[in-house]
Amino acid sequence: MMGDPRQPFADALGKDAWTQYFTSERNVPVHKVTLDSYYMGAYEVTYEDYDVYTKALGQELILKKYLTRSGNVRDPQNPVGISWNGACNYCQWLSEQSRLPFSLPTEAQWEYAARNRGGIVVFATDNGKAERGRNFPPESLDFPKNVGRFPPNPMGFYDLSGNADEWVNDWYQEDYYSYSPEKNPQGPESGTKKVARGGGALSDSTTVARGGARYLNKDLPGMGFRCVINTDKPLPIKK
C-alpha cells in the first residue's frame with residue numbers, strides 16, 4: 001500500500017511532530033501497487049562511479065569546480081551531484097556495457113525498497129527511526145556525505161533516508177496518487193519536474209515524502225541517484 005498511511009506514521013513519530021513537519025497532501029491517498037521483480041543498487045552512485053563513465057566517453061568531470069572547494073564536496077565516495085538527464089544517461093550507458101536493463105527506479109520501486117517491502121516504516125534506516133549520529137546524519141547537511149556511513153535498512157539499502165535527494169524516473173504531479181494504476185505505475189505521461197525522494201532534512205527524508213525538482217539538465221550537489229535492473233532473472237556473476 002503506497003503513500004502516507006497517516007495514523008500509523010503519526011503513532012510512530014508522535015502526532016504533533018507528524019502534523020508539524022511531515023503531513024502533505026502530495027503523499028496521499030494510500031493506494032495499492034503491484035510491482036514486477038527488480039534489483040536496486042545498495043548505494044547511491046558516487047563521483048568515483050560516475051567518473052568512470054565520463055572518462056570512458058571523453059567528457060569533462062561532473063562538477064569539476066568543486067574539486068577545489070572546502071569541505072571536499074566532490075569526495076570520490078560522496079553521491080554524485082547530477083541532473084536528471086545525466087542520471088538517465090549513466091543508466092543507459094550501463095545497459096549498453098552490460099546488456100542488462102538498467103534504469104532509474106520508478107517512484108513505486110523506490111518506496112517499496114525504502115519501506116522494507118512496503119511495511120509501515122517511517123525512515124529507511126535499520127530500525128525505521130532517525131537517530132541522529134547513529135543511523136542518520138547528526139545534523140542537516142549542506143551537501144551529501146560519503147555513502148554507507150550508517151547501517152542499511154533491513155533489505156540492505158544504504159542512505160535511502162537522509163543523504164542525497166534521489167532522482168527517480170517519474171514525472172512529478174502532486175495529485176498523481178489519485179489516479180495511479182495498480183500495476184507497475186510509471187508516473188504521469190509528461191510534466192515539468194521529475195520526482196525526487198530521500199533527502200537530507202527530516203521533513204524530506206521519510207519513506208513517503210515526495211517532491212518535484214526542475215534540474216533536468218543542471219548538475220547540482222545534493223541531487224543524486226541509484227540504479228535499478230528491471231528483471232526477474234538471476235544476474236550473471238563474474239567469478
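See above for the structure.
Predicted model, so just to flag it, every value in this text is computed and none were measured.

S.K.: Hey, could you go over the environment of Arg-26 for me, with residue numbers and the actual values?
M.R.: Note on placement: Arg-26 falls in the loop between helix H2 (15–22) and strand E1 (39–40). Sequence separation between Arg-26 and Gly-118 is 92 residues; the distance between their C-alpha atoms is 18 Å. Residues in contact with Arg-26, not counting those within four places in the same chain, are Tyr-172, Glu-174, Tyr-177, Arg-210 and Gly-211.

S.K.: Now, about the pattern of salt bridges: what can you tell me, with residues and values included?
M.R.: Using the criterion set out here, one finds 11 salt bridges in the structure. Arg-74 serves as the salt-bridge partner of Asp-51, at 2.7 Å between the closest nitrogen and oxygen. One end of the pair, Asp-51, is in helix H3 (residues 47–56); the other, Arg-74, is in the loop between H3 and helix H4 (84–98), and 23 residues separate them in sequence. Accessibility assignment for this pair places Asp-51 and Arg-74 in one class, buried. Salt-bridge contacts for Arg-197 lead to Glu-111; the nearest nitrogen and oxygen are separated by 2.7 Å. With Arg-197 in strand E4 (residues 194–198) and Glu-111 in helix H5 (residues 107–114), this pair connects stretches of sequence that are 86 residues apart. For Arg-197, a relative accessible area of 1% translates into the label buried.

S.K.: Can you break down the packing of aromatic side chains residue by residue, with the values?
M.R.: Under the definition given, this model contains 10 aromatic pairs. Look at Tyr-53 and Tyr-90: their rings are 5.7 Å apart centre to centre, the planes differ by 85°, and that puts the pair in the edge-to-face class. In this pair, Tyr-53 is assigned in helix H3 and Tyr-90 in helix H4, connecting sequence segments 37 residues apart. With respect to class, Tyr-53 is no different from Tyr-90; both count as buried. On the basis of an interplanar angle of 35° and a centroid distance of 6.4 Å, the ring pair of Tyr-90 and Trp-93 is categorised as tilted. Taken together, the residues span about one helical turn, with Tyr-90 and Trp-93 both in helix H4 at a distance of three residues. Taken together, the aromatic side chains of Tyr-50, Tyr-53, Tyr-90, Trp-93 and Phe-225 make up a single cluster linked through ring pairs. Sitting above the plane of the Trp-171 ring, Lys-194 keeps its charged end 3.9 Å from the centroid. A cation over a ring is seen here: Arg-210 above Tyr-177, with NZ or CZ 4.5 Å from the ring centre.

S.K.: Tell me about the packing of H3 against H4, residues and numbers included.
M.R.: Following both chains from N to C, one finds H3 and H4 inclined at 75°, their axes separated by 11 Å at the closest point. One finds that H3 runs roughly perpendicular with respect to H4. Facing H3, whose interface residues are Asp-49, Tyr-50, Val-52, Tyr-53 and Ala-56, H4 presents Gly-86, Asn-89, Tyr-90 and Trp-93. For the contact of H3 with H4, the per-class residue count stands at six nonpolar, two polar and one charged.

S.K.: Residues and numbers for the pairing of E4, please.
M.R.: Among the five residues that make up E4, five are buried, leaving the element largely enclosed by the rest of the structure. Of the strand pairs in this sheet, strand E3 (residues 165–171) and E4 are connected by four bridges, and their pairing is antiparallel. Opposite Trp-167, over in E4, you have Ala-196 as the bridge partner. In terms of strand pairing, E4 meets strand E5 (residues 211–213) through three bridges, oriented antiparallel. What sits directly across from Ala-196, in E5, is Gly-211.

S.K.: Hey, could you go over the sheet that holds E3 for me, with residue numbers and the actual values?
M.R.: Reading across from one edge, E5-E4-E3-E6 is the order of the four strands in this open sheet, with mixed pairing throughout. Edge strands, defined here as strands with exactly one partner in the open sheet, are E5 and strand E6 (223–224). Packed on one face of the sheet, H5 meets E3 and E4 and runs near 5° to E4.

S.K.: Report on empty space enclosed by the protein, specifying residues and quantitative values.
M.R.: Within this structure, the stated rule accounts for two cavities of 30 Å³ or more. In this structure, the largest cavity encloses a volume near 70 Å³. Around the largest cavity, the lining residues are Ala-124, Thr-125, Asn-135, Pro-137, Phe-150, Pro-151, Asp-159, Ser-161, Gly-162 and Asn-163. Classifying every residue of the lining of the largest cavity by side-chain character gives four nonpolar, five polar and one charged.

About the criteria used
Residues numbered from 1 in each chain as written. Predicted model: local features only at pLDDT ≥ 70, side-chain atom pairs only at ≥ 80, totals over all residues. Heavy atoms only, no water. Helix = DSSP H or I, 4+ residues; strand = E, 2+ residues; numbered from the N terminus. Contact = heavy atoms within 4.5 Å. Salt bridge = Lys/Arg side-chain N within 4 Å of Asp/Glu carboxyl O. Buried < 20%, exposed > 50% of the residue type's maximum accessible area, 1.4 Å probe, protein only. Phe/Tyr/Trp six-rings, centres within 6.5 Å; stacked < 30°, edge-to-face > 60°. Lys NZ or Arg CZ within 6 Å of the ring centre and 35° of its normal. Axes fitted to C-alpha atoms, helices over the stretch in contact; angles between N-to-C directions. Parallel < 35°, antiparallel > 145°, perpendicular 65-115°, else oblique. Nonpolar A, V, L, I, M, F, W, Y, C, P; charged D, E, K, R; others polar. Pairing = 2+ DSSP bridges. 1 Å grid on protein atoms, 1.4 Å probe; cavity = no way out; pocket = protein on both sides within 12 Å on 5 of 7 lines; lining within 4 Å. Points joined across faces, edges and corners; volume = space filled by probe spheres on them.

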